[in-house]
Amino acid sequence: MEDGKIVQLYWDRDEQAIPETADKYGHYCRTIACNILGNREDAEECVNDTYLNTWYAIPPHRPMVLSTFLGKIVRNLAFNRYKANTAEKRGGGEVTAVLDELAGCVSGRQDVEQAYAYQELVRAINDFLGGLPAEKRNIFVRRYWYTDAVSEIADRYDMTAAAVSMTLKRLRTQLRSYLIKMGYAL
């Protein structure tokens, strides 16, 4: 079913919207949640919560790109679950690695958390990514949005894991330099 028709089902409060969403985007949402959580059961709960949150979010929202809308919801839910799961214990996995890798580029300083500064930071990162060649941008997004493992990215782009790691390291360095040039104190 087309995304516009699925969104219309939500607007019409037709319960068929949820199974249609699950049929079309269930695997996509599970992949995002599993990459973040590393636990199939927790990921499945996040996916189910995504459908519920989507039900309450549409209306009033009418997403232009349903996959992105769902991806953002499931990603936020999975990160919240991850934080709750690791509040008392430190786990390994891709999320810890991803957050450690980006720690040098984007800090958690108080001024960045303010709404305007946050939006400006998002805009700056998007501008940086927009200036990259498509493959490098995709590698960056696969790692830092979808939290794909380096080995998965290497397989996807027919590269070695070492080459992907080096590409990511260089991109982080470039991002850091770009953000400093844009006036962000890192």
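Here, every reference points to the structure presented above.
For clarity, every value in this text was computed on a predicted model and none was experimentally measured. (Residues numbered from 1 in each chain as written. Predicted model: local features only at pLDDT ≥ 70, side-chain atom pairs only at ≥ 80, totals over all residues. Heavy atoms only, no water.)

A. Inspection of the overall build of the protein chain at higher detail. For the protein chain, the count of helices and strands is ten helices and zero strands. Each helix and strand of the protein chain, ordered N terminal to C terminal, gives the series α-α-α-α-α-α-α-α-α-α. Counting over 186 residues, the protein chain shows a buried share of 39%. Contacts in the protein chain between residues at least 24 apart in sequence constitute 63% of all its contacts with a sequence separation of at least 6. On the protein chain, roughly 10,900 Å² of surface is accessible, and the fraction owed to carbon and sulfur atoms is 52%. (Helix = DSSP H or I, 4+ residues; strand = E, 2+ residues; numbered from the N terminus. Buried < 20%, exposed > 50% of the residue type's maximum accessible area, 1.4 Å probe, protein only. Contact = heavy atoms within 4.5 Å. Areas by Shrake-Rupley, 256 points an atom, 1.4 Å probe, with all protein chains shown as cover.)

B. Region of interest: the packing of aromatic side chains. The full count for this structure, using the stated rule, is five aromatic pairs. Between Tyr25 and Tyr28, the ring centres sit 6.2 Å apart and the planes meet at 65°, which makes this aromatic pair edge-to-face. Note that Tyr25 and Tyr28 are positioned in helix 2 (residues 17–37) at a spacing of three residues, about one turn of the helix. A relative accessible area of 10% places Tyr25 in the buried class. Members of the aromatic cluster, each reached through a chain of ring pairs, are Tyr25, Tyr28 and Tyr146. The cationic tip of Arg13 hangs over the ring face of Trp55; the distance from NZ or CZ to the ring centre is 4.1 Å. Between Arg142 and the ring centre of Tyr146, over which it is positioned, the NZ or CZ distance is 4.3 Å. (Phe/Tyr/Trp six-rings, centres within 6.5 Å; stacked < 30°, edge-to-face > 60°. Lys NZ or Arg CZ within 6 Å of the ring centre and 35° of its normal.)

C. How the structure looks around the side chain of Glu20. The residue Glu20 is located in helix 2 in this model. In this structure Glu20 is buried but unpaired, with Lys24 as the nearest side chain of opposite charge at 8.5 Å. In this structure, Glu20 is in contact with Met1, Ile6 and Leu9, ignoring residues within four places of it in sequence. (Lys, Arg positive; Asp, Glu negative; His and termini not counted. Salt bridge = Lys/Arg side-chain N within 4 Å of Asp/Glu carboxyl O.)

D. Inspection of helix 2 at higher detail. The end-to-end C-alpha distance of helix 2 is 26 Å, clearly below the 30 Å that 21 residues give at a rise of 1.5 Å each. Considering bend angle alone, the principal kink of helix 2 is centred on Tyr25 and spans about 65°. Every buried residue of helix 2 is listed here: Ala17, Glu20, Thr21, Tyr25, Gly26, Cys29, Ile32, Ala33, Asn35, Ile36 and Leu37. (Expected span 1.5 Å × (residues − 1). Bend = angle between axes of the 7 residues up to and from the residue.)

E. Representation of the nonpolar core in the model. Of all hydrophobic cores here, the largest spans 28 residues; its most connected members are Ile36, Cys46, Leu66 and Val74. Elements represented by at least two residues in this core include exactly helix 1 (3–11), helix 2, helix 3 (40–57) and helix 4 (66–85). Residue contributions to this core peak at nine residues, all from helix 4. Filtering out sequence-adjacent residues up to four positions away, Cys46 remains in contact with Ala33, Leu37, Val74, Leu77, Ala78 and Arg81. (Core = buried A, V, L, I, M, F, W, Y, C linked by side-chain atoms within 4.5 Å.)

F. Quick peek at the pattern of salt bridges. The full count for this structure, using the stated rule, is five salt bridges. Measuring nitrogen to oxygen at the nearest pair gives 3.1 Å for the salt bridge that ties Glu45 to Arg81. On the criterion of sequence distance, the pair formed by Glu45 in helix 3 and Arg81 in helix 4 is long-range, its members being 36 residues apart. Via salt bridges that share partners, Asp42, Glu45 and Arg81 belong to a single interconnected network.

Don't take any of this as a statement about function, it's just geometry.
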